Amino acid sequence: MSALYREYHRPLLAFVIRLTAGDRQWAEDVVQETMIRAWRSADTLDPDAVSLMPWLATVARRIVIDDRRRRDARPQEAGDGPLESLPVPDEMEGLLHQVVVSEALKALSPAHREILNETILRDRSVNDAAAVLGIPVGTVKSRVYYAVRALRIALEERGVRS
């Protein structure tokens, strides 16, 4: 293998530099990979061949093609520039809304809080809320109506507009 490397390293490197458009680092990586593949295939190579350069060149060319395909399949990295101007959601506003709604709910009567908790927060139907609370369906409907009105007023008092 060392004799193979000594004999073919320079001509193979010159060939691969042309394939890689002058990118010496990439070319050296390709030559190294080519030599590794030659070492792995040493038992299949023809020792009586006049030159192994055609086999090495073919392997190197295929490695370059595979590398190009791999690079083309992967999106180009753009750096951090576009990310710096990307708006980041402000979680503070959502937290403030939660506090305001919580305070507005505390301002409601216990019956209104209870009916909103069952119908809106627990996502129960009017019939299910009536069964859980043990009150008639009509009462649930009217309490929901008046509770939503009272909540809207409490939110407006706190500066929230719909």
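Criteria and thresholds
Residues numbered from 1 in each chain as written. Predicted model: local features only at pLDDT ≥ 70, side-chain atom pairs only at ≥ 80, totals over all residues. Heavy atoms only, no water. Helix = DSSP H or I, 4+ residues; strand = E, 2+ residues; numbered from the N terminus. Polar contact = N/O pair within 3.5 Å; in protein donor to acceptor, adjacent residues only side chain to side chain. Contact = heavy atoms within 4.5 Å. Core = buried A, V, L, I, M, F, W, Y, C linked by side-chain atoms within 4.5 Å. Buried < 20%, exposed > 50% of the residue type's maximum accessible area, 1.4 Å probe, protein only.

(A) Here's a closer look at the side chain of Thr119. With respect to the helices and strands, Thr119 occurs in helix α6 (residues 110-121). Here the side chain of Thr119 touches Ile115 through a polar contact of 2.7 Å, landing on its backbone oxygen. Residues in contact with Thr119, not counting those within four places in the same chain, are Arg124, Ala129, Val140 and Val144.

(B) Structural detail: unusual backbone geometry. One non-glycine residue, Ala21, lies in the positive phi region at around 55°. With respect to the element layout, Ala21 can be found in the loop between α1 (2-19) and α2 (24-40). Its identity is not glycine, yet Asp123 carries a phi of approximately 55°, on the positive side. Along the chain, the position of Asp123 falls in the loop between α6 and α7 (126-133).

(C) Spotlight on the nonpolar core. If you look at the biggest cluster of nonpolar residues, it comprises 19 residues, and the most contacted ones within it are Leu4, Tyr8, Leu12, Val16, Val30 and Leu56. Put simply, the parts of the chain that give this core at least two residues each are α1, α2 and α3 (53-73). For Leu12, the residues in contact, after removing those within four places along its chain, are Val31, Thr34, Met35, Met53, Leu56, Ala57 and Ala60. Leu108, Ala147, Leu151 and Leu155 belong to the second-largest nonpolar core, a separate cluster that totals 12 residues.

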